[in-house]
Amino acid sequence: AVVNSSIGLAGAETQASFLVVTSQGLIVINSNFEKSVPEIKKSVEDLGFKFSEVKILLGSHAHADHQEGDALFKQMTGAQVMAMAEDVPLLEKITPGGKPHPVDRVLRHLDEVTLGNTTLVAHLAGGHTPGATVWTMTVQENGRNYNVVIMSGLGAQQGLVDKSGKATKLADTLEASFKYSRALPCDVFLGSHAI
């Protein structure tokens, strides 16, 4: 499997999309904004693949800048859209142009997504969104295996302390997600934002 980071793939300055090449087709992580989908298509084709070869679309977390394009992406490729259960209610509110948000498979913590010779593992790392998902996989190059971690968001702009100055449940959730994510074996780290 080959992972291509998307500073070039997504065509966006700050959002990242990732292309995973398998023996049975392609997986894309993050459709980004709906307007990004044609740029992702062009990038996939510039890499020598057909956009119609995308069989699975995954996401890092249910924010419009990472998953608003899911419906258009599915319309253009027929890819199965998969999302962490805790993010489904938020995704259902992301309906650009009134298009319902597709979710073909609801995922749980440690579910595996396999296509051909490649398996990705979904790790629930809630806090940034309830279903923020860290994706892991193993890739091989020159006979050596590498642990790849594709990070979701691990931050919150508000809601970490209550009016009395005590940490909230959100703060506790983020702290637990941060500790969990740091413990994942990692040789190659990729983030859902380029900066």
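Note that the coordinates shown come from a computational prediction; the quantities given were computed from them, not determined experimentally.

Rules behind the numbers
Residues numbered from 1 in each chain as written. Predicted model: local features only at pLDDT ≥ 70, side-chain atom pairs only at ≥ 80, totals over all residues. Heavy atoms only, no water. Buried < 20%, exposed > 50% of the residue type's maximum accessible area, 1.4 Å probe, protein only. Helix = DSSP H or I, 4+ residues; strand = E, 2+ residues; numbered from the N terminus. Arc of directions from axis to C-beta. Salt bridge = Lys/Arg side-chain N within 4 Å of Asp/Glu carboxyl O.

Student: Go over helix H2 (residues 37-46) with me, naming the residues and quoting the values.
Tutor: Within H2 the residues assigned to the buried category are Val 37, Ile 40, Ser 43 and Val 44. Buried positions in H2, seen along its axis, are confined to an arc of 120° and lie on one side of it. Seen from the buried face of H2, the exposed residues on the opposite side, beyond 90 degrees, are Lys 42 and Asp 46. Looking one or two residues past H2, Gly 48 carries a phi angle of roughly 95°, positive in sign.

Student: Account for the pattern of salt bridges, naming residues and giving values.
Tutor: For side chains bearing opposite charge, pairing can occur when the charged atoms are close. Per the stated rule, a full pass over the model turns up 5 salt bridges. Between Lys 99 and Glu 34 there is a salt bridge, with its nearest N and O atoms 2.7 Å apart. Linking Lys 99 in the loop between helix H5 (88-91) and strand E6 (105-107) with Glu 34 in the loop between strand E3 (25-29) and H2, this pair joins segments that are 65 residues apart in sequence. For Lys 99, a relative accessible area of 24% gives the class partly exposed. For the salt bridge of Lys 41 with Glu 45, the shortest nitrogen-to-oxygen distance reads 2.8 Å. Taken as a pair, Lys 41 and Glu 45 lie in helix H2 at a separation of 4 residues, close to a single helical turn. Accessibility expressed as a relative area gives 28% for Lys 41, which makes it partly exposed. Looking at Glu 45, the relative accessible area reads 36%, which means it is partly exposed.

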